[in-house]
Amino acid sequence: MNLDQLMDLPGALAAFSYTDKGDLNDHRVREGSEITPQVLDLLAHSCVANMAVATLEARGWESLTGQKGFEPLQGFSIVGLEWSAVVNGQCGVVMRNRDVNYEAAFNAIQACTAS
Amino acid sequence: MHIVKQLMAIPGVIAAGEFAYRGDRFSYEGALTAEFARMAAILCRSNTMSVNMQSEIFDSFAENCGCRPVQGWIVRGSQVAVCNIGNYFAFIENRPELLNDVMTIMRAKVGDVGGDLLVSLYARIGGDVKEALY
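Since the structure is predicted, the reported quantities are computational estimates derived from the model, not experimental observations.

**Considerations on the state of the cysteines**
Each disulfide consists of a covalent bond between the sulfur atoms of two cysteine residues.
All names here are of chain A.
Point 1. Summed over all chains, the structure comprises 1 disulfide over all chains.
Point 2. What pairs with Cys91 in a disulfide is Cys112, and their sulfur atoms sit 2.2 Å apart. The sign of the S-S torsion, about -65 degrees, decides the handedness of the disulfide formed by Cys91 and Cys112: left-handed. Here Cys112 lies in helix H3 (residues 102-114) and Cys91 lies in strand E5 (residues 91-96), a separation of 21 residues in the sequence. Like Cys91, the residue Cys112 is buried in the burial classification.

Below, the structure is given as structure tokens:
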């Protein structure tokens, strides 16, 4: 799974890959979209931070409650007014909310991260 | 039907709830103790505030880029996912199509979240919002 294939997801506006620190490596943006490379760079940084925080919370939750099934995390999504971003590992995709398929996006992102 | 009850009627939804303001006012249904639900409400409120702050930064670089105001977030674990829209949260199993169904219901029932998150959260518990917050 690569960025061009992520752009085939329903409603995909942008796809991007990033480093462990959140710096943008590569990206695709749908023509006519309001998404800019600068927004993707910020988004990538926030996603690295959010995944780290979510891992902290998942680990703490499992430890405190004894409930299992959170770790290892399979991804994080921020749901905006018009679009949602789904990220994991070093890949992310931005999709229009009216067309979004979250499960397909999480599965595709898993495949992108594994490849 | 109330959102939480509607969510709990779906097979695979473990727990669902609602929180307000600081996260310490909450209600819930499902397989959580009251203490775990309190922790979940605080955790969800904290993450919601955090992603809202992030979206304001995005917006300052690219006004009206489509992110702000943030409607919610999802964390997907190995077997369980946590969905949050506005001041509602749901713990769900990772079953085929369940995540899409839950998100569709939550977005439709909660409606679009307004720009001022704190006012929106405080308004859920009543009282004079302006006097309390400003």
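**What to know about the side chain of A:Ser77**
Point 1. Within the element layout of this structure, A:Ser77 appears in strand E3 (residues 75-79).
Point 2. Polar side-chain contacts of A:Ser77 include one of 3.0 Å to the backbone oxygen of A:Ala85.
Point 3. Other than its neighbours up to four places away in sequence, A:Ser77 contacts A:Ser84, A:Ala85, A:Val86, A:Tyr102, A:Phe106, B:Gly72, B:Trp73 and B:Ile74.

Criteria and thresholds
Residues numbered from 1 in each chain as written. Chains lettered and ligands numbered in written order. Predicted model: local features only at pLDDT ≥ 70, side-chain atom pairs only at ≥ 80, totals over all residues. Heavy atoms only, no water. Disulfide = S-S within 2.5 Å. Helix = DSSP H or I, 4+ residues; strand = E, 2+ residues; numbered from the N terminus. Buried < 20%, exposed > 50% of the residue type's maximum accessible area, 1.4 Å probe, protein only. Polar contact = N/O pair within 3.5 Å; in protein donor to acceptor, adjacent residues only side chain to side chain. Contact = heavy atoms within 4.5 Å.

Functional significance is not addressed by these values, which are geometric in nature.
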